Amino acid sequence: MMKTNPGRFFEDYRLGETIAHAVPRTISGGERALYHALYPARHALQSSDEFARSCGLNAAPIDDLAAFHVVFGKTVPDVSLNAVANLGYAEGRWLKSVWPGDTLTATSEVIGLKQNSNGKTGVVWVRTTGHNQHGEAVMSYVRWVMVRKANPEAPAPETTVPKLAPVIAPGDLVIPRGLDFTGYDFTLAGEPHRWGDYAVGETIDHVDGVTVEEAEHMLATRLWQNTAKVHFDATLREDGRRLIYGGHVISMARALSFNGLANAQMIVGLNGGAHANPCFAGTTIKAWSEVLDKAETAAPGVGAIRLRLVATSGGAPFALKGEDGKYLPEVLLDLDIWALMPI
């Protein structure tokens, strides 16, 4: 009996199956410290217990994306160990804040399968849900990933491409219980700009840049227990370079967005996202945002703002696609999120 796990290949997935992912993870303050060491993350609500209490919470929750990375990492051995690339996201919602001491687990349902025309790879869609130790769902999202076939001659499954909502309705966003921005301290938060100061269609150049190094990427990928081979083993790519984990790019762009969006305190929705081009060590990541929509919420003093967050490796800000409709080569990430901001 084979003791080692080679990971799943495209032909191993079955539509409708539910995968329970191994190795629960108990979150501590160490995750917060390492997250802030890896990325220039400075949003006050997730940095300061006292600031969080002034906003109606018991303490500072773990960064939204740190919780996402932990749940995502649980899924990798079963979903994307043999991936060529992670392709996109949709229908993501943060359902409950994650606190130090919480233990996270994850399950995924296979909701779509499509073999590529080359017969060597296929795309797998999964809906992943993260739970805490009480069995409460803390987040849910769909992602799709291109996975190698072990046997190119293996029969292709019937093509099923899931129909996904292009955007999460504002009424479906979950606002953390007790969140109240009526006494919000803009000085401590770092910027004076509130929800009403942003206009739909406005673009923001976040100015700063960070050069990605192999060491920090390897630390991040191990921290999130992401075992995807393309992030570790350079021999799996013809160019001999390890891919930077897409979540690393997401968190870097989010952290850079502080300069101009310091008061977009919490991410509560992931409408869509694409890793447009690969990122490698030595790349300098910059970011810009576009305001796509705004909505009021039932929480006191809290507004929702829909943002396109774009990470690039250079070029002029606000350039996204060429005349052919394809992403420009310098675009690394195109993310569509809902965030919460004081009105």
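Preceding block: the structure.
These figures come from a predicted structure and were not determined experimentally.

## Quick word on the pairing of strand E10 (residues 302-312)
Consideration 1: Taking burial as the measure, the 11 residues of E10 include 10 buried ones, the bulk of the element.
Consideration 2: The pairing of strand E9 (residues 284-296) with E10 spans 10 bridges and is classified as antiparallel. Bridging from a neighbouring strand, Lys294 pairs with Ile305 of E10.
Consideration 3: The antiparallel pairing of E9 with E10 creates a hairpin that spans 5 residues between the two strands, and Gly301 there sits at a positive phi of about 75 degrees.
Consideration 4: When E10 meets strand E11 (residues 331-342), the two strands line up antiparallel, connected through 11 bridges. For Leu309, the partnering residue across the bridge sits in E11 and is Leu335.

## As for helix H7 (residues 246-256)
Consideration 1: A large share of H7 lies buried, amounting to 11 of its 11 residues.
Consideration 2: For H7, the complete set of buried residues consists of Gly246, Gly247, His248, Val249, Ile250, Ser251, Met252, Ala253, Arg254, Ala255 and Leu256.

## Observations concerning the packing of aromatic side chains
Consideration 1: Per the counting criterion, the structure on display carries 11 aromatic pairs.
Consideration 2: When the ring of Phe68 is compared with that of Phe72, the centres are 5.8 Å apart and the planes differ by 45 degrees; the resulting orientation is tilted. In this pair, Phe68 and Phe72 both sit in helix H3 (residues 64-79), 4 residues apart, roughly one turn of the helix.
Consideration 3: For Phe68, a relative accessible area of 3% corresponds to the buried category.

## What to know about the nonpolar core
Consideration 1: Core analysis: the largest hydrophobic core is formed by 56 residues, its most contacted members being Tyr39, Trp224, Val249, Ile285 and Ile305.
Consideration 2: With 8 residues, H3 is the single largest residue contributor to this core.
Consideration 3: For Val249, the residues in contact, after removing those within four places along its chain, are Ile244, Cys279, Ile285, Ala311, Leu332 and Leu333.
Consideration 4: Ala52, Leu57, Ala60 and Val302 belong to the second-largest nonpolar core, a separate cluster that totals 22 residues.

## Considerations on the pattern of salt bridges
Consideration 1: Scanning the entire structure with this criterion turns up 10 salt bridges.
Consideration 2: Notably, a salt bridge pairs Arg53 with Glu50, separated by 2.5 Å at the nearest N-O pair. In this pair, Arg53 and Glu50 both sit in helix H2 (residues 49-54), 3 residues apart, roughly one turn of the helix.
Consideration 3: In this structure Glu50 comes out as exposed when scored by relative accessible area, which is 57%.
Consideration 4: Salt bridges linked by common partners bring Arg237, Asp239 and Arg241 together as one network.

About the cut-offs
- Sequence positions are assigned chain by chain, starting from 1 and proceeding in written order.
- Per-residue local features of the predicted model are confined to residues with pLDDT of at least 70, and side-chain atom pairs are confined, for both listing and counting, to 80 or more; whole-chain, interface and lining totals are unaffected and use all residues.
- To obtain the side-chain values, all non-hydrogen atoms of the structure were used and water was disregarded.
- For every residue, the accessible area (1.4 Å probe, protein chains only) is compared with the maximum for its type, and the residue is labelled buried under 20%, exposed over 50%, or partly exposed between those bounds.
- Elements are defined by DSSP. Helices are runs of H or I of four residues or more, strands are runs of E of two residues or more, and each kind is numbered from the N terminus.
- Strands are labelled as partners when DSSP assigns at least two bridges between them.
- Classification of ring pairs rests on two measures: the distance between centres of Phe, Tyr or Trp rings, Trp counted by its six-membered ring, which must be within 6.5 Å, and the angle between planes, read as stacked under 30 degrees, edge-to-face over 60 and tilted in between.
- Here, nonpolar core means buried Ala, Val, Leu, Ile, Met, Phe, Trp, Tyr and Cys residues that are tied together by side-chain atoms lying within 4.5 Å of each other.
- Residues count as neighbours in contact if any of their non-hydrogen atoms are within 4.5 Å of one another.
- The working definition used for a salt bridge is a side-chain nitrogen of Lys or Arg within 4 Å of a carboxyl oxygen of Asp or Glu.

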